[in-house]
Every structure is written in C-alpha cells, then in structure tokens.
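One-letter residues, chain by chain:
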Amino acid sequence: MRSILWRKFKDRSALVVITVLAFLPALPLFHILYGIFRLGLPAFSWNFFTHLPTPPGEPDGGVGNAIVGTLMLSMLASVLAIPVGILSGVYLSEYARGRFGEVVRVAADVLQGVPSIVLGIVGYLWLVRPMGHFSALSGAVALSLMMLPVIVRSTEEILRMLPYTLREASLSLGVNYWRTVIKVLIPTGLVGITTGILVALSRIMGETAPLLFTAFGNPFWNFNPLQPVDALPLTVFKYAISPYQDWIRQAWGASAVLTLMVLGLNLISRILARRLSGDGK
C-alpha cells in the first residue's frame, strides 16, 4: 500500500514540475506583452492612426504612413514570394527525385538561416544601387527572400502529408499529373499552405534591418512602390532612440500596433493549423 501511495505521489509531483517548467517559457512573453500594451495603448487615438509624423513638441502626430508602408511592403513581398514558394514546394514534393531536388531543398534551408541584415544588403545591391535610390520594391524583395524558404518548406511538408490515394484516384480518371497537382493536391492542402504563408508574413512584419538598406523610410504618404516608404519597425527604431518624450510614446504605440498585427497573424495561423489537424482526423 505504501509503495502504491509513494508511486502516485511521485507521479503527481513529476506532473506538477513538468507543468511549471512548461509554463516558465511563457512568462517572459507575457511580461513583454504587458509592458508593450501598458505603454503603447495610451498612445492610441484617431490622429495616431491617420496623421503623419510631426516635429518634436507638436501634438497630434501619428504613424499612418508607417502603417500604410508596412501593409504595402507585406503585400509586395507576398506577391513576389508566394507563387515562387508554392511552385518550389510542389516541385520538391512531387517531382524532385534526384540530386537537383536535394540541392534546392538544402538551398531553401540555408536561405532560412541567413541573417536578415545580409538580405537587406542583397536588396541594396540588387535594386537600390542600380536604381539610384531607395524604394518600397527593394524592401519587398529583401523581405520576400525571408518569406520564401518558409513557404517552400511548409508547402512541401503539407503536400507530402496528403495520402497517395488522392493522386491515384485522380490519375485513374485519366487526369494529367500537373492537373492533379493544381486541381486536387493544392486545394486539399490549401489550409496548411495558407498557414505557412501567414507564419512567413508574421516573421517579416517586424523586421527592421533589411529595411534600413532598402525602404529607408519616408515621413510622408507614399503609395508608389518605386519610392522610399516608411514602416512600423523603422518608426519604432527611429523614435525609440530619440530624446523626445512624445516620440518615445509614439514608439511604444507603434510597437503595440505591430505586436497586434503579428499576434493576429499567428492566431489565424494557429486556427488554420488546428482546422488542418481536425481534417486529418
């Protein structure tokens, strides 16, 4: 009897220790989120979201141009990275059987580990120097290079998870293999592919280093992708190191906006991933 009670005590003690240790990594995240929202939410106002930045000491300054620039950069990067990433993932999953496929797979893994500031320098050399000026397009190219490996690998893994009977059923009806991929495999794995895209987007939205060499920043409204553009990470970087209290307050507000964007994308991706897991069952 004593041995049974002792084993139950050890089992429950181990469960408590594991639960506490599992919760500990979340504590820094909650502390960071609390600090960001405690200092950032008071900066929220209509003018904060719709007005341009103002000089230090002048009221009613906002980060509207940075929000527009962040959305522009994200959309341009998505347009550049999503088609290439999905097609590359399809190739690795369905067609790559030799050494070339392994080279592409390794290249995607290596690209995922390249520091973001290096990709910013690449964007500078590819576009900024030939064009002679900074632009949103060059920033989008640098960010698309960061998105690409995430989309490639997630698409490959999702398509590999699909049962081979789907392919056999389509091929048995006389459908070409490429039509099977387009009409059957990609729609079936669309939820998982979309999850990978959202994860890639959440990764790039907070990047600052690549934009310092490419988009550079712009204190005015800009909807032209061939001109410099501001972004929330650039605004936070610039305002946070300034000696002006009103700019520091706006830096916290921009940090809160950016955090809400990233949290929203991660929440949507988790919901889609849970839906994918449910479909698998």
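One structure accompanies this document, and this report is about it. From a predicted model like this one, the values you see are computed outputs, not experimental measurements.

Before going further, it helps to spend a moment on helix H2 (residues 26-40). With 15 residues, H2 ought to run about 21 Å at 1.5 Å a step, and its terminal C-alpha atoms sit 21 Å apart, in line with that. Those residues of H2 that fall on the buried side of the exposure criterion are Leu33, Gly35, Ile36, Phe37 and Gly40.

Glancing now at the packing of aromatic side chains. Considering all chains together, one arrives at 10 aromatic pairs under this definition. For the pair Phe44 and Phe48, a centre-to-centre distance of 5.8 Å together with 25° between the ring planes defines the contact as stacked. Relative accessible area serves as the criterion here: at 25%, Phe44 is assigned to the partly exposed category. With a centroid separation of 5.7 Å and 80° between ring planes, the pair formed by Tyr95 and Tyr177 is classed as edge-to-face. Residue Tyr95 is located in helix H4 (residues 64-95), and its partner Tyr177 is located in helix H9 (residues 177-188); the two are separated by 82 residues in the primary sequence. Members of the aromatic cluster, each reached through a chain of ring pairs, are Phe44, Phe48 and Phe49.

Next up on the list: the packing of H4 against helix H7 (residues 136-161). Contact pair H4 / H7: the axes reach a minimum separation of 6 Å and the direction vectors enclose 35°. Once H4 is placed against H7, the crossing between them reads as right-handed. Its residues assigned to classes, the contact of H4 with H7 comprises 20 nonpolar, eight polar and three charged.

Looking now at the nonpolar core. If you look at the biggest cluster of nonpolar residues, it comprises 46 residues, and the most contacted ones within it are Leu73, Met147, Ile204 and Leu232. Elements with a minimum of two residues in this core: H4, H7, H9, helix H10 (190-204), helix H12 (232-240) and helix H13 (245-280). Here this core takes 10 residues from H7, the largest share from any one element. Apart from residues lying up to four places away in sequence, Met147 is in contact with Ala77, Ser78, Ala81, Ile197, Ala200, Leu201 and Ile204. Among the nonpolar cores identified, the runner-up in size contains five residues, and Ala96, Ala108, Leu148 and Val152 belong to it.

Before going further, it helps to examine the pattern of salt bridges. According to the stated counting rule, one finds six salt bridges in the structure shown. Arg153 is the partner of Glu156 in a salt bridge, and the nearest nitrogen-oxygen pair spans 2.7 Å. Linking Glu156 with Arg153, this pair stays in helix H7, spanning three residues, or about one helical turn. Take Glu156: its relative accessible area is 2%, and that puts it in the buried class. Via salt bridges that share partners, Glu102, Arg105, Asp109, Arg153, Glu156 and Arg160 belong to a single interconnected network.

Our focus in this paragraph is unusual backbone geometry. Although it is not a glycine, Asp60 sits at a positive phi angle of roughly 65°. Following the sequence through the fold, Asp60 ends up in the loop between helix H3 (46-50) and H4. In this model, Phe216 sits at a positive phi of 75°, which is unusual for a non-glycine residue. Inspection of the secondary structure puts Phe216 in the loop between helix H11 (209-213) and H12.

The rules behind the values
Residues numbered from 1 in each chain as written. Predicted model: local features only at pLDDT ≥ 70, side-chain atom pairs only at ≥ 80, totals over all residues. Heavy atoms only, no water. Helix = DSSP H or I, 4+ residues; strand = E, 2+ residues; numbered from the N terminus. Expected span 1.5 Å × (residues − 1). Buried < 20%, exposed > 50% of the residue type's maximum accessible area, 1.4 Å probe, protein only. Phe/Tyr/Trp six-rings, centres within 6.5 Å; stacked < 30°, edge-to-face > 60°. Axes fitted to C-alpha atoms, helices over the stretch in contact; angles between N-to-C directions. Left-handed = near helix turned anticlockwise from the far one by under 90°. Nonpolar A, V, L, I, M, F, W, Y, C, P; charged D, E, K, R; others polar. Core = buried A, V, L, I, M, F, W, Y, C linked by side-chain atoms within 4.5 Å. Contact = heavy atoms within 4.5 Å. Salt bridge = Lys/Arg side-chain N within 4 Å of Asp/Glu carboxyl O.

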